[in-house]
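# Tertiary structure, described
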There are 2 protein chains.
Amino acid sequence: MRIAIDAMGNDNGPTPIVQGVKQFLEEDHDTTVVMVGDRDRVTQAMIEEGIGLSKRLELVHASQVMEMEDKVADLREKRDSSIMRLVAELKEGRADAMVALGNTAAAVGAATIGLKLLPGVRRPGIAIAMPTRNPKRPCVVIDMGANTATKPSHLVNYGIMASIYSNRVLGLSQPRVGLLNVGEERSKGNVELREAYELLEQAPVNFIGNVEGGDIFSGECDVVVCDGLIGNVVLKASETLASTMSGWIKDAMLATWYTKIAAFILQGQMQKVKKRLDYAAYGGAPLLGVNGVCLIGHGRSKAPAVASALRTARESVTVQVNKRIREHIERMRNSVRLKAAAEGGDDASTPTDRSDTT
Amino acid sequence: MRIAIDAMGNDNGPTPIVQGVKQFLEEDHDTTVVMVGDRDRVTQAMIEEGIGLSKRLELVHASQVMEMEDKVADLREKRDSSIMRLVAELKEGRADAMVALGNTAAAVGAATIGLKLLPGVRRPGIAIAMPTRNPKRPCVVIDMGANTATKPSHLVNYGIMASIYSNRVLGLSQPRVGLLNVGEERSKGNVELREAYELLEQAPVNFIGNVEGGDIFSGECDVVVCDGLIGNVVLKASETLASTMSGWIKDAMLATWYTKIAAFILQGQMQKVKKRLDYAAYGGAPLLGVNGVCLIGHGRSKAPAVASALRTARESVTVQVNKRIREHIERMRNSVRLKAAAEGGDDASTPTDRSDTT
């Protein structure tokens, strides 16, 4: 197996990525990692970290970088950027999976254009596994910002894809899929959400109905489907709230000499709390729906997060996530066709046809 | 001053509300509270709590209750419900402010229909003050779920109204107003958000541009404008994440006999952390934009939250929030008119005209 990674997509240069790759290669003995980026800068980082190119570590040169402020349209001017070269590795069969880091919009754009979408998928979505009250059941929230103009048919795609991801990669059986809304009743929310509700009822997923914001963390739901704007806002709000609370607790512990002693006693246990909150432990976020295994990581990823993303990429290839998505979406399209035929017509205006025809 | 409160809007019956009213009347010596609800049940709760009717505590009978599962349309069949009678108190001049609890959609519907909107306001919005890293600057998030079909012109209304609320009630000077989006650049998000950005730039508020989910808690922003679906999801997700984290910390503290001792030492300091997180301390959530002072509280509110909502209602009347909103919106409408005139036409298709003409 070969996994390609964007060596330039870190705010602190190639070093954290090289460190993460090194860490991954030490624990894995079958995978080849292909680093894509500026030859001189990556080589320099490799020398510093004491690793060299080998049968299991290759380097592909790319002279340009998509910076954080670059827009998707800038991909046209940056055809030799590391993200474009990364996608080419996958597209041209030289890699089985890719790990993009840094500019998320550029990664989504390059992957969508370069790899194309799986048959029947209208839009790709970024899925992130969030920690919940149940340590054994992380909750996959999709979409985390790949798409901010989401239609009901996209939400149904998300439900199917994330359900397969939760099952195959996170190992949850019969993942419970919820539609993020302002209340549980099916009449809640706006017209798009009501349409998505109807479509999800007919989709090949374990749909449990509308769920509320709290259900992301409650452990009552395994997949939460929402538009990219909401997903992005909730993810960032949660990260900041968690770190704000951690800061307050730290202040409380450092308030007096005796609270400092108490804090010292609690150190080991508090580390466990911190670890539960650490999204990095769950690995990079898959971009589901593109025709290829594509993981997206943060531009501030440190070495363990990079290694974790590589692990998730390997796992996604092994369990054939995309093959399953293809099958499930095909099954849904067929059931819609059969239903339309049974109802004595080829009426394309039934709601369930949208994911197929629009 | 007279404040009316829905005595039936609590999941646990009138008792917590009667307790909260009692608490409020003990610290306040000028306000009359009008409780609206079933005469027998409220009287029973008053007897249990040892208070009676007086010059400062009145009771208005209402034979019906809008239950949590009732929809706005059900208001037509429940004309003698406590929420309808509550709104009538305000509408007919027998109260200066109202505190609704329980079914939020019913409260928003009854207040909008009964009190009407302030001139120039297209939709009301629920504002909630959230705790931030800066203990002196809570962040007002608007809308928390009054409206799930939000247009750019509604978002501008929200920015103006919440800005005045932050200034007059929370005492923040020059509140920094941010538009909730997936990134800071003005090109981010969907077409509605880009239009709202342009409108907010021209509105009489201290607009600082797009903000991200994390800025609700970062202390970098005083007013966050968003649609009701996102606001509702973020509020509920934050509440559950905070309580989930608190649960983990509690588990950590009860893990062994020595962590229990440490927990005992930290007790006082941890209470402070808990208090910072307690939204109830900030009082009920104002429904801004209706022609009357209207506070909305949770159906699970306990006595301190009820007392706090009454305090916020009193404060909102004193500082004349609605008068200021009226003035600011009028000023904005005039500047749009002047601009249109200066540009030599009555072209109603300029973006800034939307809040005025559509």
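Residues numbered from 1 in each chain as written. Chains lettered and ligands numbered in written order. Predicted model: local features only at pLDDT ≥ 70, side-chain atom pairs only at ≥ 80, totals over all residues. Heavy atoms only, no water.

### Here's the deal with the relation of the copies chain B and chain A
Here chain B sits on chain A after a turn of 180° about the axis and a move of 0.0 Å along it, with an RMSD of 0.0 Å. This pairing of chains is accounted for by a two-fold axis. Rotation axis and chain B: the residue whose C-alpha lies nearest the axis is Ala262(B), separated from it by 2.1 Å. When the interface residues of chain B are mapped onto chain A, 100% of them again fall at the interface, so both copies present the same face. (Least-squares fit on C-alpha atoms with pLDDT ≥ 70 in both. Contact = heavy atoms within 4.5 Å.)

### Brief notes about the packing of aromatic side chains
Note on aromatic pairs: each is described by the distance of the centres and the angle between the planes. Inspection of the entire model under this criterion finds four aromatic pairs over all chains. Between Trp257(A) and Tyr258(A) the ring centres are 5.6 Å apart and the planes differ by 90°, which places this aromatic pair in the edge-to-face class. Residue Tyr258(A) is classed as partly exposed on the basis of its relative accessible area of 41%. Here Tyr197(B) and Phe207(B) contribute two aromatic rings whose centre-to-centre distance is 5.1 Å and whose plane-to-plane angle is 80°, an arrangement assigned as edge-to-face. In this pair, Tyr197(B) sits in helix H6 (residues 191–202) while Phe207(B) sits in strand S8 (residues 206–211), placing the two residues ten residues apart along the sequence. The two residues Tyr197(B) and Phe207(B) agree in class, both being buried. (Phe/Tyr/Trp six-rings, centres within 6.5 Å; stacked < 30°, edge-to-face > 60°. Buried < 20%, exposed > 50% of the residue type's maximum accessible area, 1.4 Å probe, protein only. Helix = DSSP H or I, 4+ residues; strand = E, 2+ residues; numbered from the N terminus.)

### Examining the side chain of Gln269(B)
In this fold, Gln269(B) is placed in helix H9 (residues 257–277). On the accessibility criterion, Gln269(B) (16% relative accessible area) is buried. With near-sequence residues (within four places) excluded, Gln269(B) lies in contact with Ala252(A), Ala255(A) and Thr259(A).

### Brief notes about the interface of chain B and chain A
Contacts between chain B and chain A engage 48 residues on the former and 48 residues on the latter. Carbon and sulfur atoms make up 77% of the area that chain B and chain A hide from each other, which totals about 4600 Å². Contact with chain A buries area across many residues of chain B, yet Leu241(B), Met245(B) and Trp248(B) alone supply 15% of it, more than any other trio. Connecting chain B to chain A are two salt bridges. A salt bridge links Lys236(B) to Glu212(A); the nearest nitrogen and oxygen atoms lie 2.8 Å apart. Joining chain B to chain A, the criterion identifies ten residue pairs in polar contact (both at pLDDT 80 or more). Among the elements of the structure, helix H7 (215–218), helix H8 (228–253) and H9 of chain B are those that each provide at least two residues to the side of chain B that touches chain A. (Buried area = accessible area lost by both parts, 1.4 Å probe. Salt bridge = Lys/Arg side-chain N within 4 Å of Asp/Glu carboxyl O. Polar contact = N/O pair within 3.5 Å; in protein donor to acceptor, adjacent residues only side chain to side chain.)

### Here's the deal with the environment of Gly37(B)
Residues and elements named next belong to chain B. Mapped onto the secondary structure, Gly37 falls in strand S2 (residues 32–37). For Gly37, a relative accessible area of 0% puts it in the buried group. Put simply, Gly37 and Ala62 are 25 residues apart on the chain and 4.8 Å apart in space, counted from C-alpha to C-alpha. Beyond its immediate chain neighbours, meaning those up to four positions away, Gly37 contacts Met8, Val42, Leu59, Val60, His61, Ala62 and Ser82.

### Some points on the sheet that holds strand S6 (residues 139–142) of chain A
Residue and element names in this part refer to chain A. In spatial order, the strands read S3-S2-S1-S4-S11-S10-S5-S6-S9-S7-S8; together these eleven strands make up an open sheet with mixed pairing. Bordering the open sheet on either side are strand S3 (57–61) and strand S8 (206–211), each of which pairs with just one other strand. When strand polarity is set aside, the average angle formed by the axes of neighbouring strands in this sheet is 25°. Looking at chain direction, strand S1 (residues 2–6) and strand S2 (residues 32–37) are connected through five bridges and run parallel. Within the sheet, the bridge partner assigned to Ile3 lies in S2 and is Val33. Those strands touched by helix H1 (residues 15–27) are S1, S2, S3 and strand S4 (97–101), and its axis lies near 175° from that of S2. (Pairing = 2+ DSSP bridges. Axes fitted to C-alpha atoms, helices over the stretch in contact; angles between N-to-C directions.)

No statement about biological role is implied by the geometric values presented.
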